[in-house]
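# Remarks on the overall topology
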Amino acid sequence: QVQLVESGGGLVQPGGSLRLSCAASGSIISIIVMAWYRQAPGKQRELVARITKDDATNIAESVKGRFTISRDNDKNTVYLQMNSLKPEDTAVYYCNAQIWAVFRTTVNDYWGQGTQVTVSS
């Protein structure tokens, strides 16, 4: 069984910073891709950033230059450093990972429970 556990969300003023973390645990053979998605009230879930095992990254245009994604392969952990936060960044942020787990013959998608980020004065 594989679990993703997020941490680091909270309330921050506009212009502030937060760092989200997501740790994967369980019977993991390899983590192919790790990513962060977000979903604001009344909107569809959208990709924020993704990073491959070889550290290739994709960042959404709406957060480019403000958010940075990184990962620690030894700790099976992905981070999202969010700077210059804006009210429109308010959303539930979800961790996602494509993982090859023990006793699985294919790579599967796993999701965290989500962490709330609120940007407000």
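Quick look at the structure, then. (Residues numbered from 1 in each chain as written. Predicted model: local features only at pLDDT ≥ 70, side-chain atom pairs only at ≥ 80, totals over all residues. Heavy atoms only, no water.)

### Some thoughts on the overall build of the protein chain
Helices and strands together make up the secondary structure of the protein chain, namely zero helices and 11 strands. For the protein chain, the succession of helices and strands along the chain, N to C, is β-β-β-β-β-β-β-β-β-β-β. Over its C-alpha trace the protein chain gives a radius of gyration of 14 Å, about what one expects of a compact globule, namely 14 Å for 121 residues. Based on the C-alpha atoms only, the size of the protein chain along its principal axes is roughly 50 × 25 × 25 Å. Looking at the protein chain residue by residue over its 121 residues, the buried ones come to 40%. When contacts within the protein chain are restricted to residue pairs at least 6 apart in sequence, those whose partners lie at least 24 apart make up 55%. If you sum the accessible surface of the protein chain, you get close to 6600 Å²; carbon and sulfur atoms cover 46% of it. (Helix = DSSP H or I, 4+ residues; strand = E, 2+ residues; numbered from the N terminus. Rg over C-alpha atoms; globule rule 2.2 N^0.38 Å. Buried < 20%, exposed > 50% of the residue type's maximum accessible area, 1.4 Å probe, protein only. Contact = heavy atoms within 4.5 Å. Areas by Shrake-Rupley, 256 points an atom, 1.4 Å probe, with all protein chains shown as cover.)

### Topic: the side chain of N96
Mapping N96 onto the fold places it in strand β9 (residues 91–101). On the accessibility criterion, N96 (3% relative accessible area) is buried. Within the structure, the side chain of N96 is placed 3.3 Å from the backbone oxygen of Y110, a separation counted as a polar contact. Residues within four places of N96 in sequence aside, it is in contact with L4, V33, M34, A35, Y37, D109, Y110 and W111. (Polar contact = N/O pair within 3.5 Å; in protein donor to acceptor, adjacent residues only side chain to side chain.)

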